[in-house]
Amino acid sequence: MKKGQVTIKDIAKELNISCSTVSRALKDFPGISPSTKKAVTELANKYNYRPNSIALSLRNQRTNVIGVIIPETVHFFFSTVISGIEDEAMKEGYNVMICQSNENYEREADSIDALMSARVDGLLVSISRETSDLEHLKKVVSEGTPMVFFDRLVEGMNASSVIVDDYQGAYDAVEHLIEQGCRHIVHLSGPSNLIIGRKRKEGYISALEDYEIPINEDNIIECRNGTEQEAESAMTQLLASGKKIDGVFASNDMAALGALKAVKKANIRIPEEVAIVGFSNWQFSSLIHPTLSSVAQPGYEMGREAAKLIFQEINESSNGKSIIRILDTELIVRESSDRKTVKAAMP
């Protein structure tokens, strides 16, 4: 037998039978004698025969593969989303191809091209922070490939999406800070071109308005890249300016971590003088000191729901209707904002 991947033709030649007989024996078709089936199966197992998925896809017009594009694989939230997608895909007999945009538009567009060239049956996409031109995404829709967005809603696209209630999550975080006695709350916001950034900012503003706290635009700082270093630098400058600050709501946990580091370096007590809340509930949130309060997102559930939607579209059971599923968030209160527990522990 030749080296490399064994084909039906190789098995047929060794057993001196036709290729169609081998194919029918492997599929357990009737009309093939038990002895022939046994001989074919044993030889296929011996040489680790695997069906040619490309040839099958050409016949079936499906590859049984879905493509997934995420901004960052290192992001704890996105890793949980992938787990949900893969578990649901496995149930459907599908494989998953994952690409990372690294929050870069060009890389995202190249990934779309690569996955389309691989003839995936559908795409699950969370767009990058840089993405504003949607032509590469509109091309997918025009070619008839099912596509579902997750986490980051995209305006101007007729496609289904799975998102969390970013507005309510932000509102809950700021309301919690207000209930802790905060009145001068800084918002380290996400990029304004992403809907999640705008929704979290809206939730911040609405909470202040509902509690009749004046909105100071100088307290809203856009941290476009959402990095620890960016947020630490912005927070250090704010603290050095002498502005009254007693609370921080960051649009993600890395920005919250940067704010926490800046406050600690300034020898300001957390949460007694400045209380801090992040968004996403990364694993490190419960490991740092003080532990970080954060808005938890159901990443695994988001992945499963996004996968269910793409399979509905692949199987043409969605009736062509775009669906937006909104999942609830949960505020996890920890040491960085829990002033009441700190006061209760004081002698």
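About the thresholds
Residues numbered from 1 in each chain as written. Predicted model: local features only at pLDDT ≥ 70, side-chain atom pairs only at ≥ 80, totals over all residues. Heavy atoms only, no water. Helix = DSSP H or I, 4+ residues; strand = E, 2+ residues; numbered from the N terminus. Rg over C-alpha atoms; globule rule 2.2 N^0.38 Å. Buried < 20%, exposed > 50% of the residue type's maximum accessible area, 1.4 Å probe, protein only. Contact = heavy atoms within 4.5 Å. Areas by Shrake-Rupley, 256 points an atom, 1.4 Å probe, with all protein chains shown as cover. Lys, Arg positive; Asp, Glu negative; His and termini not counted. Charge placed at Lys NZ, Arg CZ, Asp CG, Glu CD. Axes fitted to C-alpha atoms, helices over the stretch in contact; angles between N-to-C directions. Parallel < 35°, antiparallel > 145°, perpendicular 65-115°, else oblique. Left-handed = near helix turned anticlockwise from the far one by under 90°. Nonpolar A, V, L, I, M, F, W, Y, C, P; charged D, E, K, R; others polar. Core = buried A, V, L, I, M, F, W, Y, C linked by side-chain atoms within 4.5 Å.

Let's shift gears to the overall build of the protein chain. A count of helical and extended segments in the protein chain gives 13 helices and 12 strands. For 347 residues, the compact-globule formula gives about 20 Å, and the C-alpha radius of gyration of the protein chain, at 26 Å, lies well above that figure. Considering only C-alpha atoms, the protein chain reaches an extent of 90 × 45 × 30 Å along its principal axes. The buried share of the protein chain, reckoned over its 347 residues, is 50%. In the protein chain, once contacts between residues fewer than 6 apart in sequence are set aside, the share between residues at least 24 apart is 73%. Approximately 17100 Å² of the protein chain is accessible, and the part contributed by carbon and sulfur atoms is 48%. Side-chain charges of the protein chain comprise 39 positive and 48 negative groups, with the mean position of each set lying 9 Å from the other.

Before going further, it helps to spend a moment on the packing of helix H1 (residues 8-15) against helix H3 (residues 34-46). Running from N to C, H1 and H3 point in directions that differ by 125°, and their axes come no closer than 10 Å. When the axes of H1 and H3 are compared, the pair comes out oblique. The way H1 lies across H3 gives a crossing that is right-handed. Only Ala39, Val40, Leu43 and Ala44 of H3 make contact with H1, whose side of the interface consists of Ile11, Glu14 and Leu15. Classifying every residue of the contact of H1 with H3 gives six nonpolar, no polar and one charged.

Right, let's get into the nonpolar core. Within soluble globular proteins, side chains that are nonpolar tend to cluster in buried spots. Of all hydrophobic cores here, the largest spans 24 residues; its most connected members are Leu188, Met235, Ile245, Val248, Val263 and Ile276. Elements represented by at least two residues in this core include exactly strand S6 (185-189), helix H10 (228-240), strand S8 (247-250) and helix H11 (253-265). For this core, the element with the most residues is H11, which contributes seven residues. Ignoring sequence-local partners within four residues, the contact set of methionine 235 consists of Ile245, Val248, Ala259, Ala262 and Val263. Counting 23 residues, the second largest nonpolar core, distinct from the first, contains Ile70, Val164, Met302 and Ala307.

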